[in-house]
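Secondary and tertiary structure notes
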Amino acid sequence: MSPVHAVPRDERPFVSPAEQHRSVLVLALGGTIAMTPTSSASGVAPTLTGSDLVAAVPGLRGFEVSTEDFRKLPGASLTISDIVDLVHRLEQADREGVDGIVVTQGTDTLEETAFLTDLYYRGSAPVVFTGAMRSATAAGADGPANILAAVQAATSGGLRGAGVFVVLGDEIHAARYVRKMHTTSPAAFTSPAAGPVGHLVEGAVRLRHPLKRTAPVALPLTPAVVPAEVEVVTASLGSSGILLEGLEGKIAGLVVAAFGVGHVPQTWVSRLASLAEAMPVVLASRIGTGPVLTSTYAFPGSESDLLARGLIAAGALDPYKARLVLAALLAAGTPREAIAKAFLDYA
């Protein structure tokens, strides 16, 4: 049977388990989902392998599941280089003909790793990131249910060719929109600007609206090259902007997490203008939902003032995703004018 493609909500298909593809690769990166108590500490740390994680999941009969231990780290210790390596493995698996790929990792950085993977990955096999808010030995551990839902989503024809997704709590989120919105709740992941693109119902994918892939970004020019250093500086009440000092020569690009629709204290203006001459400086909103404006306000430090001084609008991207786009573009050797144009895709 040919893959099922997303259609408008009033015509959305029901994809039964029998219609799913079945071969899936689970790549384990560590994180809370793989954590258990250790003898040397009072807390938990990553100890479980991918095979351990899969063995704890009821309901996988009928799926051809293979596992690999790609990393064994807390989510906070993953790097951009780790994700570049991951993308190479994902694309190899896609060429080998796997029907779907699940990545398990820590939730601290899951929204960022999934988004960066979506920027780079060009395969057809669906890639689904998942994790857990509770460790493997906690009461009500959510890892097994999330892995099952991720496997079911990754092997659904409806997600094929549509990029990278995040699945937790039976909700399917597009990597571009998903955010972690609570520190401890099992329902921590939401997509404030768009809502989930679909749900798992009785083991089958139900899509709410058509899926659109993120604009592609080329992988780094040389795999061994460390990705470009890009940092985020956040505006706050009465901030002097001291963190903007001495950045030339230390970083390749900067993201400003500004107030509201793209505003900063007036005292920041001259410093940002100087930095924008030395490197790409992207203007995002610290709010995280809604776009940076371009022409509504006109006071010193307003969005129109800053854009006129050479800053680049992040569109609707939050500062953390804007940082990843900028880092990826710089690592690919993208010219300054093309960087500004690329961010127009996120307006």
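Being a predicted model, the structure only gives us computed values, none of them experimental.

**As for the overall build of the protein**
Along the protein, the regular secondary structure elements total eight helices and 16 strands. What you see for the protein is a C-alpha radius of gyration of 21 Å, in line with the 20 Å of a compact globule of 347 residues. Across its three principal directions, the C-alpha atoms of the protein cover 60 × 55 × 40 Å. Taken over 347 residues, the protein has a buried fraction of 51%. Put simply, of all contacts in the protein between residues at least 6 apart along the chain, 72% involve residues at least 24 apart. Approximately 14700 Å² of the protein is accessible, and the part contributed by carbon and sulfur atoms is 54%. Once the 26 positive and 31 negative side-chain charges of the protein are each reduced to a mean point, those two points are 2 Å apart.

**A look at unusual backbone geometry**
For Asp170, which is not a glycine, the phi torsion comes out positive at approximately 65°. Relative to the elements of secondary structure, Asp170 occurs in the loop between strand 7 (164-168) and strand 8 (171-174). Positive phi is not limited to glycine here, since Glu202 has a value of about 55°. Within the secondary structure, Glu202 is located in the loop between strand 11 (198-201) and strand 12 (204-207). When its relative accessible area of 72% is taken as the criterion, Glu202 is described as exposed.

**Some points on the packing of helix 3 (residues 110-120) against helix 7 (residues 319-331)**
Interhelical geometry of helix 3 versus helix 7 gives an angle of 35° and a closest axis separation of 10 Å. Judged by the twist between their axes, the crossing of helix 3 over helix 7 is right-handed. Residues Glu111, Glu112, Phe115, Leu116, Leu119 and Tyr120 of helix 3 pack against Tyr320, Lys321, Arg323, Leu324, Val325 and Ala328 of helix 7.

**Concerning the pattern of salt bridges**
With the rule as written, the count across this model stands at 11 salt bridges. A salt bridge links Arg71 to Asp85, with the shortest nitrogen-to-oxygen separation between them at 3.1 Å. Within this pair, whereas Arg71 is found in strand 4 (residues 64-73), its partner Asp85 is found in helix 2 (residues 80-95), the two being separated by 14 residues in sequence. Take Asp85: its relative accessible area is 36%, and that puts it in the partly exposed class. The salt bridge involving Asp108 is made with Lys180; its shortest N-O contact spans 3.7 Å.

**A word on the sheet that holds strand 15 (residues 281-285)**
Pairing is parallel in the open sheet, where four strands are placed in the order 13-14-15-16. Only two strands of the sheet have a single neighbouring strand rather than two, namely strand 13 (230-234) and strand 16 (312-313). Where strand 15 meets strand 16, two bridges bridge the pair, whose relative direction is parallel. From the neighbouring strand, Val282 faces strand 16, where its bridge partner is Ile312. The strands that helix 7 touches are strand 13, strand 14 (253-258) and strand 15; relative to strand 14, the one it contacts most, it runs at about 165°.

So, how was this worked out
- As a convention, each chain's residues are numbered from 1 in the sequence order in which they are written.
- For this predicted model, a pLDDT threshold of at least 70 governs which residues receive local features, and a threshold of 80 or more governs which side-chain atom pairs are given and counted, while totals over whole chains, interfaces and linings are taken from all residues.
- Side-chain numbers here rest on the full set of heavy atoms in the structure, without hydrogens or water.
- Strands are runs of DSSP state E lasting at least 2 residues, helices are runs of H or I lasting at least 4, and numbering of each runs from the N terminus.
- When we talk radius of gyration, it's over C-alpha atoms, and the globule rule is simply 2.2 Å times the number of residues to the 0.38.
- When accessible area is computed with a 1.4 Å probe and restricted to protein chains, residues below 20% of their type maximum are described as buried, those above 50% as exposed, and intermediate ones as partly exposed.
- For this analysis, residues touch if any pair of their heavy atoms sits within 4.5 Å.
- Here the open area of atoms and residues is found with the Shrake-Rupley method and a 1.4 Å probe, where only the protein chains shown may cover a residue.
- Note on charges: Lys and Arg go in the positive column, Asp and Glu in the negative column, and His and the chain ends are not counted at all.
- To locate a charge, take NZ of a lysine, CZ of an arginine, CG of an aspartate or CD of a glutamate.
- Convention adopted: a line fitted to C-alpha atoms gives each axis, helices being fitted over their contacting stretch, and angles between N-to-C directions are expressed from 0 to 180 degrees.
- Throughout, a crossing is termed right-handed when the near helix is turned clockwise from the far one, and left-handed when it is turned anticlockwise from it by less than a right angle.
- Salt bridge, as used here: a side-chain nitrogen of Lys or Arg that lies within 4 Å of a carboxyl oxygen of Asp or Glu.
- Strand pairing is assigned whenever DSSP detects at least two bridges linking the two strands.

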